[in-house]
Amino acid sequence: SQKIEQNSEALNIQEGKTATLTCNYTNYSPAYLQWYRQDPGRGPVFLLLIRENEKEKRKERLKVTFDTTLKQSLFHITASQPADSATYLCALDMSGFNKFYFGSGTKLNVKP
Amino acid sequence: EAGVAQSPRYKIIEKRQSVAFWCNPISGHATLYWYQQILGQGPKLLIQFQNNGVVDDSQLPKDRFSAERLKGVDSTLKIQPAKLEDSAVYLCASSLGVDYNSPLHFGNGTRLTVT
């Protein structure tokens, strides 16, 4: 069965540093992958989408990479701020019909 | 644009009771999803609709859960009878359609507590 793994331990970093979050998957080759941010008591909010033929995607301070050989996506936040503190979820379309399965998320804490 | 609306925001029921959740997606979004999110876990897909048809309900516990999307707009998710392990946040999401690589837009969910 498909498995999507994100580091369950919280990531604690200092303000201004780059945060790097990992999403690993097995037993599938998704056509594309999305990253979401979730704040306590709120639904996930879409951040970035990357397709299998794209190695890297950027949006402001965010960068996503997608390595289909390693079956891994990395999500980077540069110049992190305390406001970036949240849980970050990766989601893979396992069917090609916009049907998304989510990882368990990684909690990011950015300290001032 | 208005976001995905869900109600109620919170619900507390006793086990074996029934409960229903309501979702109104973003106007024009053909695809609607219900996810279950247990504390500390990622959202788990329960059912996906395209307009008023079911695309996938393979992870929906059909002995107790049911969902419908009459007229291809609003949707309701029902649990009957509820079990303690159903305590979770139920998230509704919508997207443009299954043929688009489009993001999911989530509501803020209904937090269900079963006692």
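Asks: Mind showing me how you'd approach the interface of chain A and chain B here?
Replies: Many descriptions give the size of an interface as the accessible area lost when the pieces come together. Listed as interface residues are 21 residues of chain A and, on the opposing side, 24 residues of chain B. It is Asn98(A), Lys99(A) and Phe102(A) that lose the most area in chain A upon contact with chain B, and together they represent 28% of the buried surface on that side. At the boundary of chain A and chain B, one finds one salt bridge. Note that Asp56(B) and Lys99(A) form a salt bridge whose closest N and O atoms lie 2.8 Å from each other. Those elements giving two or more residues to the side of chain A that touches chain B turn out to be strand S4 (32–38), strand S5 (45–51) and strand S10 (100–102) of chain A. Along the lines of polarity and charge, the residues of the side of chain A that touches chain B split into ten nonpolar, eight polar and three charged.

Asks: Hey, could you run me through the sheet that holds strand S1 (residues 3–6) of chain A in this one?
Replies: The strands making up a sheet associate through backbone hydrogen bonding, with each pair oriented either parallel or antiparallel. Residue and element names in this part refer to chain A. Sheet architecture is open: five strands sit in the order S1-S3-S8-S7-S6, paired in antiparallel fashion. Pairing within the sheet leaves two strands with one partner each, and these edge strands are S1 and strand S6 (56–59). Averaged over all pairs of adjacent strands, the angle between strand axes in this sheet comes to 15 degrees, irrespective of strand direction. Sheet analysis places S1 next to strand S3 (residues 19–26), joined by four bridges and oriented antiparallel.

Asks: Please clarify how the sheet that holds strand S3 (residues 19–24) of chain B should be interpreted in this entry.
Replies: Residue and element names in this part refer to chain B. The four strands are arranged S1-S3-S8-S7 in an open sheet whose pairing can be described as antiparallel. Each edge of the open sheet carries a strand with a single partner, namely strand S1 (5–7) and strand S7 (65–68). Strand-to-strand twist across the sheet, computed as the mean angle between neighbouring axes with direction ignored, equals 15 degrees. For S3 and strand S8 (residues 75–79), the ladder comprises five bridges, and the chain directions are antiparallel. Across the sheet, Phe21 pairs through a bridge with Leu77, a residue of S8.

Asks: Sorry, what's going on with the nonpolar core here?
Replies: It is characteristic of soluble globular proteins that their nonpolar side chains tend to be buried jointly. Residues and elements named next belong to chain A. If you look at the biggest cluster of nonpolar residues, it comprises 24 residues, and the most contacted ones within it are Ile4, Trp35, Phe75, Ile77, Tyr88, Leu92 and Leu108. Mapped by element, the contributors of at least two residues to this core are S3, S4, S5, strand S7 (62–67), strand S8 (72–77), strand S9 (86–93) and strand S11 (106–111). Every residue in contact with Leu108, bar those within four places of it in the chain, is listed here: Leu11, Ile13, Ala19, Ile77, Asp84, Ser85, Ala86 and Tyr88.

Asks: Explanation requested: the pattern of salt bridges in the structure shown.
Replies: When the charged atoms of two side chains with opposite charge come close together, those side chains can pair. All names here are of chain A. Per the counting criterion, the structure on display carries eight salt bridges over all chains. With a closest N to O distance of 2.9 Å, Glu56 and Arg58 form a salt bridge. Accessibility expressed as a relative area gives 58% for Arg58, which makes it exposed.

Cut-offs and rules
Residues numbered from 1 in each chain as written. Chains lettered and ligands numbered in written order. Predicted model: local features only at pLDDT ≥ 70, side-chain atom pairs only at ≥ 80, totals over all residues. Heavy atoms only, no water. Contact = heavy atoms within 4.5 Å. Buried area = accessible area lost by both parts, 1.4 Å probe. Salt bridge = Lys/Arg side-chain N within 4 Å of Asp/Glu carboxyl O. Helix = DSSP H or I, 4+ residues; strand = E, 2+ residues; numbered from the N terminus. Nonpolar A, V, L, I, M, F, W, Y, C, P; charged D, E, K, R; others polar. Pairing = 2+ DSSP bridges. Axes fitted to C-alpha atoms, helices over the stretch in contact; angles between N-to-C directions. Core = buried A, V, L, I, M, F, W, Y, C linked by side-chain atoms within 4.5 Å. Buried < 20%, exposed > 50% of the residue type's maximum accessible area, 1.4 Å probe, protein only.

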